[in-house]
Amino acid sequence: MVPKRGLNLLYSPRLVCLPGVLELRTPTSDSSSHRGLVRKHVRTDPMSTSTSDRGRVLIVDDDQRVLELLVDLLELEGYEVATASDGAEGFELAHSLGPDVVISDVVMPRVNGLELCRRLKQDPRTASIPVLLISGIRKADEAGIEGLYAGADDYLDLPFRNEELLVKVARLVERHRMEEVLKESEERYRRLVELSPD
């Protein structure tokens, strides 16, 4: 379970990290049409869990602002993060890195998120890696259903609450790790049965 020390703000295109402090800047408007920035400082825990304990996340998104936001959020929570700017690059990185979860935008050039998800789920080397699709352009119901047909494990609309993203990622990482432990256990049991005399 993810502790509630995460950032409970809506999607923010501006995120500034300083040692021990996270500064978020979110566009706001009031009834007088005045636009400004709201700044919030959140103290980060320097003794947070190591990256190997939290998990590896591959983020695939062609929008640099969203990519940076996701990287910052997940690294603050202790995840080891790798990035790709399109589905083709993401597919290659998934093979070489073996992430615990893939977070992918739906709409991207070359290979979109739905096609990336299909490819990952059809390949035996990556089929067990959970995929979380995110999108801010397509209609939520339509993209969510398409994502499920493509094999996605979860879906998130932009804008999103940071806490919701962190809970979904933690749940998917935990599920992936449990499935990997179960596979290893089944393999050990199979070997024992094969080696035992009849």
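Residues numbered from 1 in each chain as written. Predicted model: local features only at pLDDT ≥ 70, side-chain atom pairs only at ≥ 80, totals over all residues. Heavy atoms only, no water.

### Describing the nonpolar core
Of all hydrophobic cores here, the largest spans 24 residues; its most connected members are Ile59, Leu74, Ile103, Leu165 and Val169. Here this core gets seven residues from one element, more than from any other, and that element is helix 2 (residues 64–76). Ignoring anything within four residues of it in the chain, the contact list for Ile103 reads Val57, Leu58, Ile59, Val60, Leu70, Leu74, Leu132, Ile134, Leu165 and Val169. One finds Ala84, Ala94, Leu114 and Ala150 within the second-largest nonpolar core, a separate group that totals 21 residues. (Core = buried A, V, L, I, M, F, W, Y, C linked by side-chain atoms within 4.5 Å. Buried < 20%, exposed > 50% of the residue type's maximum accessible area, 1.4 Å probe, protein only. Helix = DSSP H or I, 4+ residues; strand = E, 2+ residues; numbered from the N terminus. Contact = heavy atoms within 4.5 Å.)

### Focus: the environment of Val101
Mapped onto the secondary structure, Val101 falls in strand 6 (residues 101–105). Here the alpha-carbon distance between Val101 and Gly55, two residues 46 residues apart in the chain, equals 8.3 Å. Look past the residues within four positions of Val101 in its chain and what remains in contact with it is Arg56, Val57, Leu58, Ile129, Pro130, Val169, Leu172 and Val173.

### Section: the environment of Pro99
Note on placement: Pro99 falls in the loop between helix 3 (87–97) and strand 6. Remark: the alpha-carbon pair of Pro99 and Ile59, spanning 40 residues in sequence, is separated by 9.8 Å. Ignoring sequence-local partners within four residues, the contact set of Pro99 consists of Arg56, Val57, Leu58, Ala94, Ile129 and His176.

### A closer look at the packing of helix 3 against helix 4 (residues 113–122)
Their axes nearest at 9 Å, the elements helix 3 and helix 4 cross at an angle of 25°. As the angle between them shows, helix 3 and helix 4 are arranged roughly parallel. Both helix 3 and helix 4 take part in a crossing whose hand is right-handed. In this structure, helix 3 uses Gly87, Gly90, Phe91 and Ala94 to contact helix 4, whose residues at the interface are Leu116, Arg119 and Leu120. A class-by-class count of the residues in the contact of helix 3 with helix 4 yields four nonpolar, two polar and one charged. (Axes fitted to C-alpha atoms, helices over the stretch in contact; angles between N-to-C directions. Parallel < 35°, antiparallel > 145°, perpendicular 65-115°, else oblique. Left-handed = near helix turned anticlockwise from the far one by under 90°. Nonpolar A, V, L, I, M, F, W, Y, C, P; charged D, E, K, R; others polar.)

Function cannot be read off these values alone, since they describe shape.
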